[in-house]
Amino acid sequence: RAQGSPLAKKGSRNMGAVLQKLQKTNGPDVFIDLETSEPTESESKVYNDFQVLLDQLPDVFQAIESYEGCQELARMAMSEPSHENEQKAFEGLLGAVSSISVFFKFSKDLEHKFPVLLQAIAKGGHGDEVPFALCNQLARILDFSLRFDQVRMLRPNLSNDFSYYRRLLPKFNKHPDIKIKDEEASGMAMFTAQHIPMLNCMVKGTESAVLQDRNITTVLALLGNSCMKMVKTKKYTNADTNLLCARAMTACIVLFDHVDPVTSFSKKAPISIKQSIQLLKKDFPNEVSLVNAIRFSSQNFNNAPQSIQDLFD
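Let me sum up the structure you'll find in this document. (Residues numbered from 1 in each chain as written. Predicted model: local features only at pLDDT ≥ 70, side-chain atom pairs only at ≥ 80, totals over all residues. Heavy atoms only, no water.)

### Some details on the overall build of the protein
No. 1: Across its full length, the protein holds 14 helices and zero strands.
No. 2: When the helices and strands of the protein are listed from N to C terminus, the series reads α-α-α-α-α-α-α-α-α-α-α-α-α-α.
No. 3: By residue count, 55% of the 313 residues in the protein fall in the buried class.
No. 4: Within the protein, counting contacts between residues at least 6 apart in sequence, those at least 24 apart form 79% of the total. (Helix = DSSP H or I, 4+ residues; strand = E, 2+ residues; numbered from the N terminus. Buried < 20%, exposed > 50% of the residue type's maximum accessible area, 1.4 Å probe, protein only. Contact = heavy atoms within 4.5 Å.)

What follows is the structure in structure tokens.
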């Protein structure tokens, strides 16, 4: 649970005022209830719609975590080509492609719904208060996306499986168990080639939202700073909540860097980048993937000041 804090009293401040302040100063934050927040009536439509997506997270994550593919059957078919071996490989690939289809469909839904969530937060949930429940949902989808992409990078055979499926598809296009036909497979090809597909999906969604409301990147900075401050000042005692904060903070930094011309590493950025990196290294030494996400998944790290780059050594 969250510890008592004067920051908690700031939770009812007007969202527009919070964003306006953030645009003028470097690194303000608010306390965000990530454990017990409930949507207000004005937030409920956006909240309920996005919750449909969040309810799928356990199944989608389980699918990527348990993904094995069928490399042995594929190798056999390529090293000893025959109709029988190729058919065995193709039938083995049907299950793998079914899982890939789940990931792809989820990413498309996320790309569509993510900007709606961001816009609702920027507008204060259509009300006058910081929309805690919507911020909670934002933190959780950011957390999931980092975890998904981390596992995806450990499944390099996923793109090979899909490529081989497309290669065999014309030969077995009459197979009764085919669910993904050539037209749909073409659209999925680029997705399977990406190493961080969920982050890329959210980058597209954020870019779409920014076209409608320039305050969107400020929302990312605010959530990132808030999560950093909540961990640093020990507002939560639950280890899982603190890790949620750390992942959300990391994803905010990476996303902001992709969509805001100021970048996350500039001295003009409204993100507390130095404190955030130091926090990850000090409080989450076993979560190396978070520091690596900032270093390798952001867009402008190589142009960051040397003082920032040195923090990663």
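Past the structure itself, the notes keep going.
### Comments concerning the pattern of salt bridges
No. 1: For the structure shown, the criterion picks out nine salt bridges.
No. 2: Of the charged contacts in the structure, one is a salt bridge between lysine 282 and aspartate 283, with a shortest N-O distance of 3.3 Å.
No. 3: Of the residues examined, lysine 282 reaches a relative accessible area of 65% and is grouped as exposed. (Salt bridge = Lys/Arg side-chain N within 4 Å of Asp/Glu carboxyl O.)

### Notes on the packing of helix H10 (residues 216–232) against helix H12 (residues 273–283)
No. 1: Viewed as axis vectors pointing N to C, H10 and H12 meet at an angle of 40°, and their least axial separation amounts to 10 Å. In this view, H10 runs oblique relative to H12, as classed from their interaxial angle. You can see that H10 and H12 cross each other, and the crossing is left-handed. Residue-level contacts link Met228, Val231 and Lys232 of H10 to Gln275, Ser276, Leu279 and Asp283 of H12.
No. 2: Classifying every residue of the contact of H10 with H12 by side-chain character gives three nonpolar, two polar and two charged. (Axes fitted to C-alpha atoms, helices over the stretch in contact; angles between N-to-C directions. Parallel < 35°, antiparallel > 145°, perpendicular 65-115°, else oblique. Left-handed = near helix turned anticlockwise from the far one by under 90°. Nonpolar A, V, L, I, M, F, W, Y, C, P; charged D, E, K, R; others polar.)

### Overview of the nonpolar core
No. 1: Counting residues in each nonpolar core, the largest one holds 107 residues, and the members touching the most others are Leu110, Phe114, Leu138, Ile141, Leu142 and Tyr165.
No. 2: With 17 residues, helix H5 (residues 83–122) is the largest single contributor of residues to this core.
No. 3: Not counting residues within four places of it along the chain, the set of residues in contact with isoleucine 141 comprises Phe50, Leu54, Leu57, Phe106, Leu110, Phe114 and Met202. (Core = buried A, V, L, I, M, F, W, Y, C linked by side-chain atoms within 4.5 Å.)

### Here's the deal with helix H7 (residues 157–168)
Since one α-helical turn is 3.6 residues long, residues separated by three or four positions face the same way.
No. 1: With twelve residues, H7 should cover 16 Å at 1.5 Å per step; its first-to-last C-alpha distance of 16 Å lies within 8% of that length.
No. 2: Every buried residue of H7 is accounted for by Asn157, Leu158, Ser159, Asp161, Phe162, Tyr164, Tyr165 and Leu168.
No. 3: Buried residues belonging to H7 abut helix H3 (57–65), helix H4 (71–79), H5, helix H6 (132–152) and helix H8 (182–193). (Expected span 1.5 Å × (residues − 1).)

### Some details on the side chain of threonine 192
No. 1: Tracing the chain through its elements places threonine 192 in helix H8.
No. 2: Apart from the residues within four sequence positions on either side, threonine 192 is in contact with Ile100, Arg152, Leu158, Ser159 and Phe162.

### Focus: the packing of aromatic side chains
No. 1: Scanning the model with the defined rule gives ten aromatic pairs in all.
No. 2: For the ring pair phenylalanine 106 and phenylalanine 144, a centre distance of 5.4 Å and an interplane angle of 65° mean the geometry is edge-to-face. Of this pair, phenylalanine 106 sits in helix H5 while phenylalanine 144 sits in helix H6, and the two are 38 residues apart along the sequence.
No. 3: On the basis of relative accessible area, phenylalanine 106 is assigned to the buried category, the value being 1%.
No. 4: On the basis of relative accessibility, which here comes to 0%, the residue phenylalanine 144 falls in the buried class.
No. 5: When the ring of phenylalanine 301 is compared with that of phenylalanine 312, the centres are 4.8 Å apart and the planes differ by 75°; the resulting orientation is edge-to-face. Residue phenylalanine 301 is located in the loop between helix H13 (288–297) and helix H14 (306–309), and its partner phenylalanine 312 is located in the segment after H14; the two are separated by eleven residues in the primary sequence. (Phe/Tyr/Trp six-rings, centres within 6.5 Å; stacked < 30°, edge-to-face > 60°.)

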